[in-house]
Amino acid sequence: MKHPDKRAEQMDRKELASYIDYSVLKPEFTEEQIIDLTKDGAALGCATICINPKYIELCEPYVKGTETMLCPVTDFPFGASSTKSRVEQIENAANHDSVKEVDIVANFGEIRSGNYEKVLADLKECAAAAHKYGKELKVIFETDALDEEQIRKMVHVCIDAGADFVKTSTGFLTGYEAHGATPETIRIMMDEAGNNIKIKGSGCIRTREHFLKLIDMGIDRMGVGYRSVPVVLDLQK
């Protein structure tokens, strides 16, 4: 986890934006909307623009020459494809100079079934596929579908798999109450992670207070939706 040398409220807008993966994932977005939001995230200096892999080539020109890069999401949002398919998706995404990291959804049905060895074997191959191209892998648990014991266990599975980040949510889970990256869930993940793996919170980060609190806790990255980015960065003054 990060150990910032000053409080989040003392950070300038650029420093705060560097924590953000700007989420541009809604499947109904037009190409024009995706381009406009990518330009916005890059202008703000966000760490990455989180996009569906289909749009890597579309978005590349708008991050080129900026400090912002792309973060495609793979096997999203269900995480239920075969390992072979997942590895191919990661390799296709990671093999772009504009890509900083790749997100993958863990098979949370397998997690809920207690099949941790299967999940570990799959994620090892996923991590190797990203690292083959020098890119980091973030693993999404879908924490709202899991209990505390499963969340704690999965942090260690991801460490053992060689993943680079653990991440809370897709933002697309149905049938459960949406809590996302609550401070309580992030604390559970931090307790297990130590300095062995980085932590990304996503889902329901909609207020500046929540955003700043997670930074002060030591979070490494946050997925923030396009509507909430102006709120957490206090751009509405």
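A short tour of the structure in this document, coming up. The structure displayed is predicted, hence computed values, not measured ones. Residue numbering note: each chain is counted from 1, following its sequence as written. With the structure being a predicted model, the display of local features is reserved for residues of pLDDT at least 70 and the display and counting of side-chain atom pairs for 80 or more, all residues being used for whole-chain, interface and lining totals. Here the side-chain values reflect all heavy atoms present in the structure, with hydrogen atoms and water set aside.

Here the focus is the sheet that holds strand 4 (residues 101-105). Pairing is parallel around the closed barrel formed by eight strands, whose spatial order is 1-2-3-4-5-6-7-8. Between one strand and the next, the sheet's axes are offset by a mean angle of 25°, whatever the strand orientation. In this analysis, strands are considered paired if DSSP registers two or more bridges between them. Going along the chain from the N terminus, every DSSP run of H or I of four or more residues is numbered as a helix, and every run of E of two or more is numbered as a strand. Relative to strand 8 (residues 221-225), strand 7 (residues 198-202) runs parallel, the two being bridged by three bridges. If you follow Ser-202 over to strand 8, its bridge partner there is Gly-223. Residue contacts follow a heavy-atom distance rule, with two residues in contact if any of their heavy atoms lie within 4.5 Å. Comment: axis = line fitted to C-alpha atoms, over the contacting stretch for helices; angle = value between 0 and 180 degrees taken between N-to-C directions. Relative to strand 3 (residues 69-74), helix 3 (residues 56-63) is tilted by about 160°, and along the sheet it contacts strand 2 (48-51) and strand 3. The strands touched by helix 4 (residues 83-94) within the sheet are strand 3, strand 4 and strand 5 (136-140), with strand 4 carrying the most contacts at an inclination of about 160°.

Glancing now at the pattern of salt bridges. A carboxyl oxygen of Asp or Glu within 4 Å of a side-chain nitrogen of Lys or Arg is what we treat as a salt bridge. The final tally for this structure, using the stated rule, is 18 salt bridges. Where Asp-103 meets Lys-138, a salt bridge forms, and the shortest distance between an N and an O atom there is 3.2 Å. Here Asp-103, found in strand 4, pairs with Lys-138, found in strand 5; they are 35 residues apart in sequence, far enough to count as distant. Throughout, exposure labels follow a simple rule: accessible area from a 1.4 Å probe, protein chains only, divided by the maximum for the residue type, with under 20% read as buried, over 50% as exposed, and the rest as partly exposed. Residue Lys-138 is classed as buried on the basis of its relative accessible area of 0%. The shortest N-O distance in the salt bridge between Glu-136 and Lys-198 comes to 2.9 Å. One end of the pair, Glu-136, is in strand 5; the other, Lys-198, is in strand 7, and 62 residues separate them in sequence.

Following the sequence through the fold, Gly-65 ends up in the loop between helix 3 and strand 3. Distance from Gly-65 to Glu-32, taken between C-alpha atoms, is 20 Å for residues 33 residues apart in sequence.

This brings us to the packing of helix 8 (residues 183-193) against helix 9 (residues 208-217). The contact between helix 8 and helix 9 brings their axes to 11 Å, and the two run at 15°. As judged from the angle between their axes, helix 8 and helix 9 are roughly parallel. Helix 9 is crossed by helix 8, and the crossing has right-handed handedness. Contact residues: helix 8 offers Pro-183, Ile-186, Arg-187 and Met-190, while helix 9 offers His-210, Lys-213, Leu-214 and Met-217. By definition in this entry, angles of less than 35 degrees are roughly parallel, angles greater than 145 are roughly antiparallel, angles of 65 to 115 are roughly perpendicular, and the rest are oblique. In this scheme the handedness of a crossing depends on how the near helix is turned from the far one: anticlockwise by less than a right angle means left-handed, clockwise means right-handed.

Burial within strand 1 (residues 20-24) is extensive, with five of its five residues counted as buried. With four bridges connecting them, strand 1 and strand 8 associate as parallel partners. Considered in strand 8, the bridge of Asp-21 is made with Gly-223. As defined by bridge partners, strand 1 adjoins strand 2 across four bridges and the pair is classed as parallel. Note on strand 2: the bridge partner recorded for Ser-23 is Cys-50. When the strands point away from the viewer and the path from the first strand over the helix to the second turns clockwise, the crossover is right-handed. In this region the chain leaves strand 1, passes through helix 2 (residues 31-44) and returns to the parallel neighbour strand 2; the handedness of that crossover is right-handed.

The next thing to look at is the packing of aromatic side chains. Only Phe, Tyr and Trp rings take part, Trp by its six-membered ring, and two of them pair if their centres are within 6.5 Å. Stacked means planes under 30 degrees apart, edge-to-face means over 60, and tilted covers everything else. Summed over all chains, the structure comprises two aromatic pairs. Ring geometry for Phe-29 against Tyr-226: centres 5.3 Å apart, planes inclined by 75°, an arrangement best described as edge-to-face. Pair noted here: Phe-29 is in the loop between strand 1 and helix 2 and Tyr-226 is in the loop between strand 8 and helix 10 (229-232), with a separation of 197 residues, a long-range link. Judged by relative accessible area, Tyr-226 falls into the partly exposed class, the value being 21%. Centroid distance Phe-76 to Phe-172: 5.4 Å. Interplanar angle 80°. Geometry classified as edge-to-face.

What follows concerns unusual backbone geometry. Trans peptide bonds make up the majority, and among non-glycine residues the majority have a negative phi. Between Phe-76 and Pro-77 the backbone carries a cis peptide bond, its omega angle lying at 5°. Mapped onto the elements of the fold, Pro-77 is located in the loop between strand 3 and helix 4. Phi at Glu-142 takes a positive value of approximately 65°, unusual for a residue other than glycine. One can find Glu-142 in the loop between strand 5 and helix 7 (148-161). Within the chain, Asp-234 stands out as a residue other than glycine whose phi angle is a positive 55°. Residue placement: Asp-234 occurs in the segment after helix 10.

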